[in-house]
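Read off the chains here:
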Amino acid sequence: MTVLIIAEHDNQHLAAATRHAVTAGSKLGEVHVLVAGSGAAAVAEQAKQVAGVAKVLLADAEHYAGGLAEELAPLVVKLAADYRYVAAAASTFGKNLMPRVAALLDCPQVSDLTEIVDGKTFVRPIYAGNAFATVSSDADKLALTFRITAFAEAAASGGQAEVVRVEAAPAQGLSRFISRELVKSDRPELTQARVVVSGGRALGSVEKFNELLQPLADKLGAAIGASRAAVDADYAPNDCQVGQTGKVVAPELYIAIGISGAIQHTAGMQDSKVIVAINKDPEAAIFNIADYGLVADLFEAVPELTAALGN
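Throughout this description, residue numbers start from 1 for each chain and increase along the sequence as written. It should be noted that, the model being predicted, local features are given only for residues of pLDDT at least 70 and side-chain atom pairs only at 80 or more, the latter also being counted only at that level, while totals for whole chains, interfaces and linings use all residues. The side-chain quantities take in all heavy atoms of the structure and omit both hydrogens and water.

### Things to note about the side chain of S272
Alright, step 1. Checked against the element boundaries, S272 lands in the loop between α7 (263-266) and β14 (274-279).
Alright, step 2. Throughout this description, buried means an accessible area under 20% of the type-specific maximum (1.4 Å probe, protein chains only), exposed means over 50%, and partly exposed covers the range between. What makes S272 buried here is its relative accessible area of 7%.
Alright, step 3. At 2.7 Å, the side chain of S272 forms a polar contact with the backbone oxygen of M269. Helix numbers and strand numbers start at the N terminus; a helix is a DSSP run of H or I with at least 4 residues, a strand a run of E with at least 2. As used in this structure description, the phrase polar contact means that two N or O atoms lie within 3.5 Å; if the pair is within protein, one of them must be able to donate a hydrogen and the other to accept it, and residues adjacent in sequence are counted only when both atoms belong to side chains.

Shown next as structure tokens:
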């Protein structure tokens, strides 16, 4: 069996999420990676070095520059005839693209996989991660998305895949890329960070959110996350949201500050290795999943914790 994984990239760098998808895909068979972009030869060079990749398909055309799902889907469908599985990471990119691919191929999609039992049986979370369903399909072709926190990242070097150029599909013109606003930070990327410090609505304002969380994150070399309530209140940008409708993270240490522990949030961080919760409400649901809980006023406890960490 062969697996076609759609690479996520910015036309210059291969996203780490794709390397996680390669690890998952290798459990199903030989892995090929599709790099579709504009001037994306450098991405193909990076992809061919990823351990576990047997072949890289490079489709270079101007209409692939923005990574629009409307443009990429017909290309994937054209190439899918040679593959049993067509897959991507369960990132925003993959969640946008793969349902279109599945619909055009008229094949089942199994989303957000956390475990591969065999070639037709998979495990995925349901009910916001409170239960896991085992799904089986005998379909000739399957569209898949992999939860990246459930699979290790394939090594970025060591592979010797061949790069094959493939013909681009005709431009669809159904949508157009206008602009992209990126949050630039010296901090680790949220889904790849070893430590995440997250704040909730209890922080009260964007000023307090930054005043309390940034020094602590600086001491720990951590990424900053936020609950949906904090994002909705404009304490933090959307890119920081952790949860069912945000990013799924599984760092070595997750510190939840002023977060109640609603299912929407815990679905995105409950697989963290160690969870520390700070909340003044002893009945807060976050304590049910925390390894360490501190019932205290966060406006006092967080500065004290930050000071205790030293320089």
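### Observations regarding helix α3 (residues 69-79)
Alright, step 1. With eight of eleven residues buried, α3 is to be regarded as a mostly interior element.
Alright, step 2. Among the residues of α3, those classed as buried are A69, E70, E71, L72, A73, L75, V76 and L79.
Alright, step 3. Looking at the packing, one finds that the buried side of α3 touches β1 (2-6), β2 (30-37), β3 (53-60), β4 (85-89) and α4 (92-105). By definition in these notes, contact holds between two residues if any of their heavy atoms fall within 4.5 Å.

### Focus on the packing of aromatic side chains
Alright, step 1. Two aromatic rings, drawn from Phe, Tyr or Trp (for Trp, its six-membered ring), form a pair once their centres lie within 6.5 Å of each other, and the interplanar angle then sorts them: stacked below 30 degrees, edge-to-face above 60, tilted otherwise. Under the defined criterion, the tally for this structure stands at one aromatic pair.
Alright, step 2. Aromatic side chains F146 and F151 sit 5.9 Å apart centroid to centroid with 75° between the ring planes, which places their arrangement in the edge-to-face category. Both residues of the pair, F146 and F151, count as buried.

### Quick notes on the sheet that holds strand β12 (residues 223-226)
Alright, step 1. Here, a strand pair is defined by DSSP locating no fewer than two bridges between the strands. Overall, parallel pairing links the five strands, which are arranged β12-β11-β13-β14-β15 in an open sheet. This sheet does not close on itself; its edge strands, each paired only once, are β12 and β15 (292-295). Direction aside, neighbouring strands of the sheet carry axes that sit 15° apart on average.
Alright, step 2. Sheet strands touched by helix α5 (residues 206-220): β11 (195-199), β12 and β13 (253-257). Its angle to β11, the strand with the most contacts, is close to 170°.
Alright, step 3. The strands touched by helix α8 (residues 298-308) within the sheet are β13, β14 and β15, with β14 carrying the most contacts at an inclination of about 135°. Note on geometry: axes are lines fitted to C-alpha atoms, helical ones only across the stretch in contact, with angles between N-to-C directions running from 0 to 180 degrees.

### Observations concerning the sheet that holds strand β5 (residues 109-113)
Alright, step 1. Across the sheet, seven strands lie side by side as β5-β9-β4-β1-β2-β3-β10; this open sheet has parallel pairing. Across the chains shown, the open sheet's two edge strands, defined by having one partner strand only, are β5 and β10 (162-165). Across the sheet, the axes of successive neighbouring strands diverge by a mean angle of 25°, strand direction being ignored.
Alright, step 2. In terms of strand pairing, β1 meets β2 through five bridges, oriented parallel.

### Let's talk about the packing of α3 against α4
Alright, step 1. The N-to-C vectors of α3 and α4 enclose an angle of 50°; their axes lie 9 Å apart at closest approach. As far as their axial angle goes, α4 and α3 are oblique. The two elements α3 and α4 meet at a crossing, and its hand is right-handed. Listed contacts from α4 to A69, E70, L72, A73, P74, V76 and V77 of α3 are F93, N96, L97, R100, V101, L104 and L105.
Alright, step 2. In the scheme used here, Gly and all other residues not listed as nonpolar or charged are polar, with Ala, Val, Leu, Ile, Met, Phe, Trp, Tyr, Cys and Pro taken as nonpolar and Asp, Glu, Lys and Arg as charged. Its residues assigned to classes, the contact of α3 with α4 shows eleven nonpolar, one polar and two charged. With respect to orientation, any angle under 35 degrees is reported as roughly parallel, any angle over 145 as roughly antiparallel, any angle of 65 to 115 as roughly perpendicular, and every other angle as oblique. Helix crossings get a hand from a simple test, with the near helix turned counterclockwise from the far one by less than a right angle marking a left-handed crossing and a clockwise turn marking a right-handed one.

Purely spatial values, then, with no claim about function.
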